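# Structure at a glance
Each chain, letter by letter, is given below.
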Amino acid sequence: MSKPTVLVTRKLPEAVEARLSRDYDARLNPDDALYERDELIARAEGADAILPCHTEHFDADVFDRLPDSVKIIANFSVGYDHVDTEAARKAGVVVTNTPDVLSDATAEIVMLLMLGAARRAGEGEKLVRTAAWKDWSPAFMVGTQVTGKTLGIVGLGRVGKVVAKRARGFDMKILYHNPSRKTDEDELGAVFYDRLEDMLPHCQFLSLNAPNLPSTRGLLNAERIALLPDGAIVVNAARGTLVDDDALIAGLKAGKPVAAGLDVFNNEPGIDPRYKDLPNTFLLPHIGSATAETRDAMGFRALDNLDAFFAGQEPGDRVA
Ligand code: DGY
């Protein structure tokens, strides 16, 4: 029997590509070039499956134009906001994601963002690299201590829970807001707030860990920023869409929040340039899941989903 054909949109780890090539007729992308819409559709001709990343967008127009041969989109990502799942359902295309395997890596980046923003790591590194570091004094580069502070987590899902655990290592008190209260086992002592507005005044640190949904878009807006306590620090390693950029930038200029650590942005990689001019931002290029271990695990998880689908089973991580 011939192997199913899988269009792989980006360069994947060696071990993942090896398994792909062993089990599938894999159309790899050794140059890691970004396929724009027309090229993506053209390359999908005759493919049974696509294994994309969040860098490719599958909206209703793409589903209309995708060859009928494509039966499954097995994402190499936990987020699937780049896929119009309603359009996928209509087109009869199965969609899967890669949950769980990137929670530890992403939570590490959340901690890095908190520490980086609080301890002014971006400013400090720039001083050293540009040879602008001239002196030391007790007043030099004074930041905010993370240890013992109160952290509010928006979205106590897979990543949010790991963030809570890691933050406890810094003796932080954990609050959370979520669409529904978690069980005691999942909550692990974190204090639940039904209304985000009630939690914000207590958040010395605020971490956004919610998915990109109509209900979370622009969640961090001017009204909510105003509710944060003086000296608050905001971090986001989830999706840029959670933030109203005008509001956050205005807030950072005015000193509330006092700093922000951001790994994700609206319109990546063409982010709002004003973030780069602010000294109180610590900025990373969407690397939450970028560890060798996690990249392998994401690839294998996507392949497990493909294997199940082509074996006539329900893929474990089906989202549409
Ligand atoms: C994810 O998996 O959603 C990460 O943001 C990388 O795409």
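Every chain is numbered on its own, with residues counted from 1 as its sequence reads. Only residues with pLDDT of at least 70 are given local features in this predicted model, and only at 80 or more are side-chain atom pairs given and counted; all residues enter the totals for whole chains, interfaces and linings. As a rule here, side-chain values come from all non-hydrogen atoms in the structure, and water together with hydrogens is ignored.

### Structural notes on the packing of helix 5 (residues 103-118) against helix 7 (residues 158-168)
- Angles here are taken between N-to-C directions and fall from 0 to 180 degrees, while the axes themselves are lines fitted to C-alpha atoms, restricted in helices to the stretch in contact. Helix numbering and strand numbering both begin at the N terminus, where a helix is a DSSP run of H or I of at least 4 residues and a strand a DSSP run of E of at least 2. The geometry of helix 5 relative to helix 7 is characterised by a closest axis approach of 8 Å and an angle of 55 degrees between their N-to-C directions. The orientation of helix 5 relative to helix 7 falls into the category oblique. For the pair helix 5 and helix 7, the crossing hand works out as right-handed. In this structure, helix 5 uses Ser103, Asp104, Thr106, Ala107, Val110 and Met111 to contact helix 7, whose residues at the interface are Arg158, Val159, Val162, Val163, Arg166 and Ala167. Here the word oblique covers every angle except those under 35 degrees (roughly parallel), over 145 (roughly antiparallel) and from 65 to 115 (roughly perpendicular). In a left-handed crossing the near helix is turned counterclockwise from the far helix by less than a right angle, and in a right-handed crossing that turn is clockwise. The criterion used for residue contact is that any of the two residues' heavy atoms lie within 4.5 Å.

### A few points about the site of the ligand
- Close to the ligand lie His54, Ser77, Val78, Gly79, Leu102, Arg239, His286, Ser289 and Met298, which account for all nearby residues.
- Contacts to the ligand include valine 78, whose backbone N or O atom sits 2.7 Å from an oxygen atom.
- In this structure, an oxygen atom belonging to the ligand sits 2.7 Å away from a side-chain N or O atom of histidine 286.
- For the ligand, the accessible surface in isolation is 230 Å², of which the surrounding protein chains cover 88%.
- In terms of residue class, the shell around the ligand is made up of three nonpolar, five polar and one charged. When at least one non-hydrogen atom of a residue lies within 4 Å of a molecule or strand, that residue is treated as near it. Each polar contact in these results corresponds to two N or O atoms within 3.5 Å; when the atoms are within protein, one needs to be able to donate a hydrogen and the other to accept it, and residues that are neighboring in sequence are counted only if both atoms are side-chain atoms. Each accessible area is a Shrake-Rupley estimate made with a 1.4 Å probe; only the visible protein chains count as cover when residues are assessed. Gly falls in the polar group here, along with every residue not listed as nonpolar (Ala, Val, Leu, Ile, Met, Phe, Trp, Tyr, Cys, Pro) or charged (Asp, Glu, Lys, Arg).

### Details of the domain arrangement of the protein chain
- Under the domain assignment, the protein chain is made up of domain 1 (5-101 + 292-310) and domain 2 (103-283).
- Where a domain begins and ends is set by an automatic assignment or by a domain database. When each unit is reduced to the centre of its C-alpha atoms, the spacing between domain 1 and domain 2 is 31 Å.
- Counting from both sides, the interface comprises eight residues of domain 1 and, opposite them, six residues of domain 2.
- Interface area for domain 1 against domain 2, summed over the two sides, is near 560 Å², with a carbon-plus-sulfur share of 37%.
- Note: buried area is the sum, over both parts, of the accessible area (probe 1.4 Å) each one loses when the two are combined. Area buried by domain 1 at its contact with domain 2 is led by His54, Asp81 and Asp100, which between them contribute 64% of it.
- Salt bridge, as used here, is a side-chain nitrogen of Lys or Arg placed within 4 Å of a carboxyl oxygen of Asp or Glu. Where domain 1 meets domain 2, there are two salt bridges.
- Across the pair aspartate 81 and arginine 239 runs a salt bridge, and its minimum N-O distance is 3.1 Å.
- At the boundary of domain 1 with domain 2, the tally comes to four residue pairs in polar contact (both at pLDDT 80 or more).
- Grouping the amino acids of the side of domain 1 that touches domain 2 by side-chain chemistry returns three nonpolar, three polar and two charged.

### Things to note about the sheet that holds strand 7 (residues 173-177)
- Here the rule is simple: two strands pair whenever DSSP picks up at least two bridges between them. Pairing is parallel in the open sheet, where seven strands are placed in the order 8-7-6-9-10-11-12. Two strands close off the open sheet at either side, each with one partner strand: strand 8 (191-193) and strand 12 (281-283). Averaged over all adjacent pairs, the angle separating strand axes in this sheet is 20 degrees, with direction ignored.
- Where strand 6 (residues 150-154) meets strand 9 (residues 205-208), four bridges bridge the pair, whose relative direction is parallel. Paired with leucine 151 across the bridge in strand 9 is phenylalanine 205.

### Quick look at unusual backbone geometry
- The residue after lysine 256, namely proline 257, is reached through a cis peptide bond having omega 5 degrees.
- As for its placement among the helices and strands, proline 257 is situated in the loop between helix 11 (245-254) and strand 11 (259-262).
- Here the bond from glutamate 268 into proline 269 is cis, since omega is -5 degrees, no more than 30 degrees from zero.
- With respect to the helices and strands, proline 269 occurs in the loop between strand 11 and helix 12 (274-277).
- Residues other than glycine seldom take positive phi values, yet asparagine 267 does so here, at roughly 55 degrees.
- If you trace the backbone, asparagine 267 turns up in the loop between strand 11 and helix 12.

### Quick notes on helix 13 (residues 292-310)
- Here helix 13 is 19 residues long and its end C-alpha atoms lie 27 Å apart, about the 27 Å a rise of 1.5 Å per residue gives.
- Exposure classes here rest on a 1.4 Å probe applied to the protein chains alone. A residue is buried below 20% of its type maximum, exposed above 50%, and partly exposed in between. Looking at helix 13, one finds that the buried residues are Thr294, Met298, Gly299, Ala302, Leu303, Asn305, Leu306 and Ala308.
- Looking at the buried positions of helix 13, the neighbouring elements they touch are strand 1 (5-8), helix 1 (14-23), strand 3 (49-51), strand 4 (72-74), strand 5 (94-96) and helix 5.
- In the segment just after helix 13, glycine 312 is the residue with positive phi, at about 80 degrees. Expected span of a helix: the number of residues minus one, times 1.5 Å.

### Quick notes on the sheet that holds strand 3
- The sheet built from five strands is open, its strands ordered 2-1-3-4-5 with parallel pairing. Pairing within the sheet leaves two strands with one partner each, and these edge strands are strand 2 (25-27) and strand 5. Between one strand axis and the next, the sheet turns by 20 degrees as a mean value, whatever way the strands run.
- Looking at chain direction, strand 4 and strand 5 are connected through three bridges and run parallel. Considered in strand 5, the bridge of isoleucine 73 is made with valine 95.
- Of the strands in this sheet, strand 1, strand 3, strand 4 and strand 5 are in contact with helix 13, which crosses strand 4 at around 155 degrees.

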